[in-house]
Structure formats: C-alpha cells, structure tokens
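Notes for the structure review
What follows is each chain in one-letter form.
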Amino acid sequence: MARELHRRKKDDKYALWSTIVDDYVTDWKSKEEIEKEWLEDLIKDAKVKVKSYMQRIDKEV
C-alpha cells in the first residue's frame, strides 16, 4: 500500500493517507505515535514478504 505522510499545522498532528483507498488509514496523532504505528506496519509487511519468499524458495528446490 502506498502511503503519504500528512501534517496538520494548526495542532502539529500527523496522519497517514492511503493512495489506494484515497483516505486516511490513521487518526491524527503526534509525530511519535505515527512514526511508531507506521514502523510497526512496515515490519509486519516485511515479515509477510520474507515468509512468502522463504516458502517459494522451498518449493523451487
């Protein structure tokens, strides 16, 4: 999923926008909260990809 980081200057809050669904996928939160949430999502995605690659290579060998 492609995401964009948006900042709301009036209260210095951040949110992640999905270019797939054209909507926010997070609530407006502090920079630290968004950073943590985004990083957790990226780690989950990376784990799924690695597992998929490992399963695929096991089938090829």
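Computed from a prediction, not measured in an experiment: that's the story for all the values here. (Residues numbered from 1 in each chain as written. Predicted model: local features only at pLDDT ≥ 70, side-chain atom pairs only at ≥ 80, totals over all residues. Heavy atoms only, no water.)

1. As for the sheet that holds strand E2 (residues 13–18)
Taken in spatial order, the three strands line up as E1-E2-E3 in an open sheet, and their pairing is antiparallel. Both outer strands of the open sheet, strand E1 (3–8) and strand E3 (23–24), are each paired with one neighbouring strand and no more. Both E2 and E3 contribute to a ladder of two bridges, which runs antiparallel. Its bridge partner being in E3, Ser18 is matched across the sheet by Asp23. On top of the sheet, helix H1 (residues 31–60) reaches E1 and E2; it is set at about 30° to E2, its chief contact. (Pairing = 2+ DSSP bridges. Helix = DSSP H or I, 4+ residues; strand = E, 2+ residues; numbered from the N terminus. Contact = heavy atoms within 4.5 Å. Axes fitted to C-alpha atoms, helices over the stretch in contact; angles between N-to-C directions.)

2. Overview of unusual backbone geometry
Despite not being glycine, Asp12 has its phi angle at roughly 55°, a positive value. Inspection of the secondary structure assignment puts Asp12 in the loop between E1 and E2. The exposure class assigned to Asp12 is partly exposed, which follows from its relative accessible area of 39%. (Buried < 20%, exposed > 50% of the residue type's maximum accessible area, 1.4 Å probe, protein only.)

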